[in-house]
Each structure stands twice: as structure tokens, then as C-alpha cells.
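Results of the structural survey
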Amino acid sequence: MKEVLLYIAEYLGFLWEHNVESNDYKITFSVSSPGSGCVVITSSRIRIQLVHHHGELTMEVEPAFIKRSDGYIPYGAIAIEVLQHVMTGERPAPGTRVTGEHAAFLRDHLDDVVAHMSPELWPILKAQAKAIGTR
């Protein structure tokens, strides 16, 4: 869990810098076990999940309108590196560990990312992400 919290503190503070009604990020779920941890950050339009497991830190996003029965984001969310590839056309560096570059992408493209979390645009984004994942 320590790695997840350190990443949030070091790279994701921008989510709370201008916390207004339209930008209402909150930590809505967290769980920790020895060597692992998960934190879900939620606003009215987007959910961001950070997971540290087996030494790897991952980040996934999904729209907040998708209902869940427990705290975890279900399979089907989009990994941040795939989202970055879809939205910028730039293939991320190999590896599964989330870096500060992923947070910088999210910061620099947050309005566009959030806009794609709508019920109308999510299926399109999801299909583009799936196509990239099968290449």
C-alpha cells in the first residue's frame, strides 16, 4: 500500500488542486494486504484505480457511471498506458510499472480523458483500446 500512497502523493496531487464540484476527486476505496495495495480515486465522471501487487504498480481508468458491487474496478477498465496510446498515438515504453510519465499524461489530458468517460464516448474508447491491445 505504501507504494500506491507514495505515487498518489508524488504525482497525482493535481487531482485535488482545484477541487470544485465538477472536479470532485475522492479516495472511495482502499484495501491493503502484505506486499499489496489498491486505492480507487473517484469523481462524478471517472474512476482511477491504482494497484501495487507483486512489485508492479498499475493504473486503470473507467467511467464512474459503471456500477460495481464491491470496491474493485471490474475487468474491462482501460490501463493508463493503453489509454495514452489511444489518445496520443504514442506507444508507451515496455513494462507494466506506472511511472510519473503516466501521471503527466493524465494531468495534461485530464479534460479530454474525463470527456471520454461519458456513456456515449466510452464504448468507442473501449473499442479503440481493445483494438490496440490485440496488436
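As shown above, the structure is provided for reference.
The rules we used
- Residues numbered from 1 in each chain as written.
- Predicted model: local features only at pLDDT ≥ 70, side-chain atom pairs only at ≥ 80, totals over all residues.
- Heavy atoms only, no water.
- Buried < 20%, exposed > 50% of the residue type's maximum accessible area, 1.4 Å probe, protein only.
- Helix = DSSP H or I, 4+ residues; strand = E, 2+ residues; numbered from the N terminus.
- Core = buried A, V, L, I, M, F, W, Y, C linked by side-chain atoms within 4.5 Å.
- Contact = heavy atoms within 4.5 Å.
- Pairing = 2+ DSSP bridges.

**Brief notes about helix α3 (residues 80–88)**
Note: α-helices contain 3.6 residues per turn, so residues at a spacing of three or four share the same orientation. Within α3, the full set of buried residues consists of Ile80, Leu83, Gln84, His85 and Met87. Within two residues after α3, Gly89 carries a phi angle of roughly 80 degrees, on the positive side.

**Some remarks on the nonpolar core**
Membership of the largest hydrophobic core comes to 31 residues, with the highest contact counts inside it found for Leu12, Ile41, Ile48, Leu83 and Leu106. Of all the secondary-structure elements, those providing two or more residues to this core are α1 (2–11), α2 (14–17), β2 (36–42), β3 (46–53), β4 (56–63), α3, α4 (100–115) and α5 (122–133). The element that contributes the greatest number of residues to this core is α4, accounting for six residues. Every residue in contact with Leu83, bar those within four places of it in the chain, is listed here: Val61, Ile78, Phe105, Val113 and Leu125.

**Notes on the sheet that holds strand β5 (residues 78–79)**
The antiparallel open sheet is built from five strands, whose spatial order is β1-β2-β3-β4-β5. Among the strands making up the open sheet, the edge pair consists of β1 (26–33) and β5. Relative to β2, β1 is paired through seven bridges, and the arrangement is antiparallel. For Ser30, the partnering residue across the bridge sits in β2 and is Val39.

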